[in-house]
Amino acid sequence: MRTHLCGEVNEQLADQTVQLCGWVDRRRDLGGLIFIGLRDHAGIIQIVVEPDSPAFSDAEGLRNEFCVRISGQVRMRPESQWNDSMATGKIEVVADRVELLNASAPMPLMMTDEDGEEIRLKYRYLDLRRPRMQHNLRTRARMYRAIRNSLDKKGFTELETPVLTKATPEGARDYLVPSRVHAGQYYALPQSPQLFKQMLMMAGMDRYYQIARCFRDEDLRADRQPEFTQLDIEMAFVEEKDVQNCAEAVIREVFRETLGADLPDPFPRLSWKAAMDRYGSDKPDLRLPMQLVSVDEHVAHIDFRVFSGPANEEGSRVAALRIPAAADLSRKMIDEYTQYVGRYGAKGLAWIKVNDSAAGLDGLQSPIAKFLDEKAWQGIAGVTGVESGDILLFGAGEWFTVSNFMGQLLVKAGHDRGLVEQGWQPLWVNEFPMFEWDEDCARYMAMHHPFTAPAEPDPAALLANPAASLSKGYDMVLNGSEIGGGSIRIHKPEMQQTVFKLLGIGEEEAQQKFGFLLEALKYGCPPHGGIAFGLDRIAALMTGEESIRDVIAFPKTTTAQCLLTSAPSPVPDEQVAELHIRNLGKPD
Ligand code: ASP
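Since the model is a prediction, treat every value here as computed from it, not as a measurement.

Caption draft 1: Quick peek at the sheet that holds strand β15 (residues 364–365). Taking strand neighbours across the sheet as the criterion, the 5 strands line up as β12-β13-β16-β14-β15 in an open arrangement whose pairing is antiparallel. The open sheet has two free edges, formed respectively by β12 (292–294) and β15, since each of these has just one partner strand. Two elements, strand β14 (residues 350–354) and strand β16 (residues 391–398), share 4 bridges in a ladder whose sense is antiparallel. Across the sheet, isoleucine 352 pairs through a bridge with leucine 392, a residue of β16. On top of the sheet, helix α12 (residues 399–416) reaches β12, β13 (316–323) and β16; it is set at about 155° to β16, its chief contact.

Caption draft 2: Main features of the packing of helix α10 (residues 331–342) against α12. One can describe the packing of α10 onto α12 by two numbers: an axis separation of 10 Å at closest approach and a directional angle of 140°. The orientation of α10 relative to α12 falls into the category oblique. α12 is crossed by α10, and the crossing has right-handed handedness. Counting all contacts with α10, which are made through Met333, Tyr337, Tyr340 and Val341, the residues of α12 involved are Phe405, Gln408, Leu409, Lys412, Ala413 and Asp416. For the contact of α10 with α12, the class distribution of residues is 7 nonpolar, 1 polar and 2 charged.

Caption draft 3: Layout of the pattern of salt bridges. The full count for this structure, using the stated rule, is 40 salt bridges. Residues arginine 129 and glutamate 65 are paired through a salt bridge, measuring 2.8 Å at the closest nitrogen-oxygen approach. Here the residue arginine 129 occupies a position in the loop between α3 (124–127) and α4 (131–153), and glutamate 65 occupies one in the loop between α1 (56–60) and β4 (67–76), the gap between them amounting to 64 residues. Across the pair arginine 132 and aspartate 113 runs a salt bridge whose closest N-O atoms are separated by 2.5 Å. Taken together, the residues span a long stretch of sequence, with arginine 132 in helix α4 and aspartate 113 in the loop between β5 (91–102) and α2 (117–122) at a distance of 19 residues. Its relative accessible area of 26% is what places arginine 132 among the partly exposed residues. Taken together, the salt bridges that share partners define one network made up of Asp113, Arg120, Arg124, Asp127, Arg130, Arg132, Glu545 and Asp550.

Caption draft 4: Main features of the nonpolar core. Core analysis: the largest hydrophobic core is formed by 60 residues, its most contacted members being Met143, Leu231, Ile233, Phe533, Leu535 and Ile538. With 7 residues, the single largest contributor to this core is helix α6 (residues 240–259). Leaving out residues up to four positions away in the same chain, leucine 535 has contacts with Arg140, Met143, Tyr144, Ile147, Ile211, Thr229, Gln230 and Leu231. Counting residues in each nonpolar core, the second largest holds 24 residues, with Leu20, Val24, Phe66 and Val98 among its members.

Cut-offs applied
Residues numbered from 1 in each chain as written. Predicted model: local features only at pLDDT ≥ 70, side-chain atom pairs only at ≥ 80, totals over all residues. Heavy atoms only, no water. Pairing = 2+ DSSP bridges. Helix = DSSP H or I, 4+ residues; strand = E, 2+ residues; numbered from the N terminus. Contact = heavy atoms within 4.5 Å. Axes fitted to C-alpha atoms, helices over the stretch in contact; angles between N-to-C directions. Parallel < 35°, antiparallel > 145°, perpendicular 65-115°, else oblique. Left-handed = near helix turned anticlockwise from the far one by under 90°. Nonpolar A, V, L, I, M, F, W, Y, C, P; charged D, E, K, R; others polar. Salt bridge = Lys/Arg side-chain N within 4 Å of Asp/Glu carboxyl O. Buried < 20%, exposed > 50% of the residue type's maximum accessible area, 1.4 Å probe, protein only. Core = buried A, V, L, I, M, F, W, Y, C linked by side-chain atoms within 4.5 Å.

Next comes the structure, spelled out in structure tokens:
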């Protein structure tokens with residue numbers, strides 16, 4: 001139907017006849033001359049319809065988003081009419097034929113960034129016509145191609161795993177599918193292909209990957225989707241470094257091929273403890289040129305209990321954050337920050353403005369200056385590297401709470417002050433604790449998942465001191481987002497049983513839920529490990545989108561609805577009855 005794409009027409013085609021198809025982006029009638037912006041996925045080109053053209057009467061009836069075919073001659077625009085903001089801004093096509101392929105009802109949305117998300121999701125097929133959304137989905141497709149190229153070269157085999165399956169726990173609620181054939185029995189949609197990919201290693205597949213859809217029925221936080229896509233990878237006969245080296249090479253290649261961006265080689269590595277100490281986060285944003293520093297040893301002796309208490313207590317800390325050139329921070333802003341960290345458990349925020357760093361205590365402006373002596377201040381100044389014009393903010397108390405709220409503050413203040421540097425800053429976070437204690441359930445939870453190997457190889461030693469044990473898990477972090485996570489897996493049945501036991505999964509429950517895994521581990525399972533990357537998040541980072549919904553063709557709302565198809569929706573009683581369940585209808 002067409003000879004070229006709209007965005008492809010260029011000066012080289014001057015004087016040639018072209019046939020183009022697309023949508024009317026806008027139409028201007030300049031009394032006699034009609035200008036049409038014709039749009040397809042490749043771009044927009046200006047079409048001119050002159051009054052004596054046989055196409056004139058057809059062009060007159062066109063409206064926004066009418067679908068048309070146009071034939072005409074490419075012509076250079078006079079230099080005075082060049083439009084630098086358009087790739088095709090030096091040319092236009094003089095139409096001799098305008099063929100209406102399909103009219104459009106008046107647009108229910110403006111087709112701009114001003115449209116609300118609800119209307120955009122309802123009319124997603126229109127929203128996706130916009131250049132921004134076209135760019136996002138096509139960038140994502142390029143990323144997929146780069147992933148496949150990279151893994152293919154590295155000897156990986158792309159394999160599929162079932163969607164109708166048994167529950168694979170990743171810590172969320174399962175989506176269940178009732179079986180029609182087996183009354184009272186249910187499939188679960190996979191939260192990840194975790195156990196299948198491990199069994200593929202037992203099956204000798206050696207290096208597996210899959211671009212896999214995962215399902216987690218969680219109360220959705222702002223930027224989660226009930227179904228999301230991950231790049232799932234598993235490798236046999238590997239240790240942590242092997243998986244990490246391979247995974248970061250893939251990510252480097254994918255960024256180079258998709259965006260032409262060069263990521264560092266190698267990625268820095270940071271233990272979980274160091275990440276919490278220095279950034280107050282297990283996903284530090286290294287684009288922010290700030291770190292938390294502990295000042296405990298410098299304030300342990302002062303007469304200010306808020307500091308000296310935690311400074312002398314095991315498991316507590318006094319952490320300082322230096323914000324460069326921020327001594328101009330108003331009291332109102334400081335109060336706002338105090339409120340902000342309060343949400344994360346802070347009881348308060350102490351501050352020191354440094355007016356003159358050469359003047360010692362006299363150069364400070366602070367409600368807590370009176371508690372400091374020169375020794376304390378020189379110590380603080382030394383470790384924080386503070387300079388005139390900076391502000392120091394302090395948090396004190398239990399180690400994790402302080403690290404966490406000061407980390408949140410670091411990110412917020414860094415953004416507020418415009419300190420985020422350009423570029424891509426990846427890193428590995430590793431040496432995670434194996435377990436975290438869940439107060440509500442009064443039991444240990446797996447920090448990664450129950451199949452992650454502990455650093456401690458002896459099950460008896462692990463049982464003796466689970467709280468102190470580290471795991472062989474790792475996360476890949478990019479610009480403050482966790483983009484991937486994985487681990488070396490448990491490959492021996494005794495260790496798997498020990499970990500189940502520590503997680504409060506009794507023998508019977510372990511057999512019922514994971515009997516097949518425990519059985520499979522008995523038959524010469526190779527050491528193995530892997531990782532999974534959140535492709536929605538990576539695509540959002542690549543396209544500069546805040547929300548992963550903007551890189552998913554047909555996403556759901558934060559309440560897990562598809563506004564386009566109206567799913568979920570009621571079904572007739574008979575259909576429900578076939579599944580051996582009762583249709584309770586809508587709750588009152
Ligand atoms: N299955 C894990 C997840 O989905 C990733 C992994 O351990 O490979 O988060």
